[in-house]
Amino acid sequence: MALINIDGDPWLTELDACENLSNDIQSQLAARNRENSLSREYSVISGTVRVRLKQLGSELDQLVRKLGLISSTLTSGEAERRQRRIEALQSKLIQLQRQFQYVEPAAARSALFETSTSNGRGGRGGISFAGEDDDDDPALIPSSNNYSVAELRSQQTRILEDQNEGLEALSQVIARQKELATRIGGEVDRHNDILDDLAQTMETTDGRINRETRQIGTITTQDSTWGYWTVIGLLFVAIVIVGIL
């Protein structure tokens, strides 16, 4: 259920900004996938997405800390809803990081085919034969868009670092969910204890009410019998007086 920012809560405003940032990153990843993986546009978009992913992770960490500070001013239900919304964004961040690190095989094959076609000769579609001497063909010299070994190693290192960050974030989400489940279990146990005490109190009260009811019935019976004996006594006195006279 979405939270409505009625009173201009700064925390909810920052959360909405994080959601907009994640949607923007998703759009940029989709645009990157439409580009050649060896093109300049692909590299520019990748750099922008990398920066924004780190920004999103940092802002989510700040939201978690701020929620811990203001949780005492919120109801338990509201705090839990906000926590679930943060965890949803953290899960989306992990998905975005995986999308950023993953290159579709079809796109890679297309880029390789285009590179091969642009470097090949005439009507042979870039296919070279053993008898041809292409060592001196300038068209076969790698262009400036190709990655060097150092760049490939650097990119692989960044991918591993992003994977480690994603796994760490996932671990933190799982730890928080475990802590939340433990708290919920403790609340359930306390509620069960309260219900047990209430049932025992109701049973004791019911016994007292039954005893009081029986006592009232006994008193009522005694009062009605005393009236009869009073009338009989008065009649006996009247009879004695009449006999004397």
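All figures in this text were calculated on a predicted structure; none of them were measured in a lab.

Caption draft 1: Highlighting the overall build of the protein. Scanning the protein from terminus to terminus reveals 5 helices and 0 strands. Tracing the protein from N to C terminus, the helices and strands come up as α-α-α-α-α. In the protein, buried positions account for 19% of the 245 residues. The contacts of the protein with a sequence gap of at least 6 include a subset with a gap of at least 24, amounting to 73%. Approximately 17700 Å² of the protein is accessible, and the part contributed by carbon and sulfur atoms is 58%.

Caption draft 2: Region of the structure containing a nonpolar patch on the surface. The grouping of F236, V237, V240, I241 and I244 at the surface amounts to a nonpolar patch, some 500 Å² of accessible area in total. Note that F236 resides in helix α5 (residues 149–244).

Caption draft 3: A look at the environment of Q26. Among the secondary structure elements, Q26 is positioned in helix α1 (residues 10–33). For Q26, a relative accessible area of 30% puts it in the partly exposed group. It is 8.9 Å that separates the C-alpha atoms of Q26 and Q99, two residues lying 73 residues apart in sequence. Within the structure, the side chain of Q26 is placed 3.0 Å from the side chain of Q99, a separation counted as a polar contact.

Caption draft 4: Seen up close, a negative patch on the surface. On the surface, D61, E161, E165 and E168 cluster together to form a negatively charged patch. Per element, the largest residue contribution to the negative patch is 3 residues, and it comes from α5. Overall, the relative accessible area of 36% leaves D61 in the partly exposed class.

Caption draft 5: Fine view of helix α2 (residues 40–70). End to end, α2 covers 45 Å across 31 residues, agreeing with the expected 45 Å (1.5 Å per residue, within 8%). The opening residue of α2, the one whose side-chain oxygen lies 3.3 Å from the backbone nitrogen of Y42, is S39.

Caption draft 6: Structural context of the packing of α1 against α2. Between α1 and α2, whose axes approach to 10 Å, the crossing angle comes to 160°. When the axis of α1 is compared with that of α2, the two are roughly antiparallel. Note that α1 runs across α2; the crossing there is left-handed. Looking at the contact of α1 with α2, its residues break down into 16 nonpolar, 5 polar and 6 charged.

Caption draft 7: Spatial organisation of the confidence of the model for the protein. Averaged over all residues, the pLDDT of the protein equals 75, while 72% of them reach at least 70. No element of the protein has a lower mean pLDDT than helix α4 (residues 105–119), which averages 47, and none a higher one than α1, which averages 90. Overall, residues 1–6 carries pLDDT values under 50, and its contacts beyond four positions in sequence, including any with other chains, amount to 9 contacts. Within the model, pLDDT remains below 50 along residues 105–109, and this stretch shows 1 contact once partners closer than five positions in the same chain are excluded.

Caption draft 8: Molecular detail of the side chain of E78. Residue position: E78 is located in helix α3 (residues 76–101). The exposure class assigned to E78 is buried, which follows from its relative accessible area of 17%. At a separation of 3.0 Å, a polar atom in the side chain of E78 contacts the side chain of R82.

Caption draft 9: Just the nonpolar core, in detail. W11, I25, V49, L53, L56, L60 and L63 are the most contacted members of the largest nonpolar core, which totals 19 residues. For this core, the secondary structure elements donating two or more residues are α1, α2 and α3.

Caption draft 10: Spotlight on the pattern of salt bridges. Tallying each qualifying case throughout the model produces 10 salt bridges. The salt bridge involving R85 is made with E19; its shortest N-O contact spans 2.8 Å. Here the residue R85 occupies a position in helix α3, and E19 occupies one in helix α1, the gap between them amounting to 66 residues. Residue D24 is joined to R52 by a salt bridge in which the shortest nitrogen-to-oxygen separation is 2.0 Å. In this pair, D24 is assigned in helix α1 and R52 in helix α2, connecting sequence segments 28 residues apart. One continuous salt-bridge network, built from bridges that share partners, spans D9, E78, R81 and R82.

The rules behind the values
- Residues numbered from 1 in each chain as written.
- Predicted model: local features only at pLDDT ≥ 70, side-chain atom pairs only at ≥ 80, totals over all residues.
- Heavy atoms only, no water.
- Helix = DSSP H or I, 4+ residues; strand = E, 2+ residues; numbered from the N terminus.
- Buried < 20%, exposed > 50% of the residue type's maximum accessible area, 1.4 Å probe, protein only.
- Contact = heavy atoms within 4.5 Å.
- Areas by Shrake-Rupley, 256 points an atom, 1.4 Å probe, with all protein chains shown as cover.
- Patch = residues over 30% accessible without salt bridge, like charges linked within 9 Å, V, L, I, M, F, W, Y side chains within 5 Å.
- Salt bridge = Lys/Arg side-chain N within 4 Å of Asp/Glu carboxyl O.
- Polar contact = N/O pair within 3.5 Å; in protein donor to acceptor, adjacent residues only side chain to side chain.
- Lys, Arg positive; Asp, Glu negative; His and termini not counted.
- Charge placed at Lys NZ, Arg CZ, Asp CG, Glu CD.
- Expected span 1.5 Å × (residues − 1).
- Axes fitted to C-alpha atoms, helices over the stretch in contact; angles between N-to-C directions.
- Parallel < 35°, antiparallel > 145°, perpendicular 65-115°, else oblique.
- Left-handed = near helix turned anticlockwise from the far one by under 90°.
- Nonpolar A, V, L, I, M, F, W, Y, C, P; charged D, E, K, R; others polar.
- pLDDT = per-residue confidence, 0-100.
- Core = buried A, V, L, I, M, F, W, Y, C linked by side-chain atoms within 4.5 Å.

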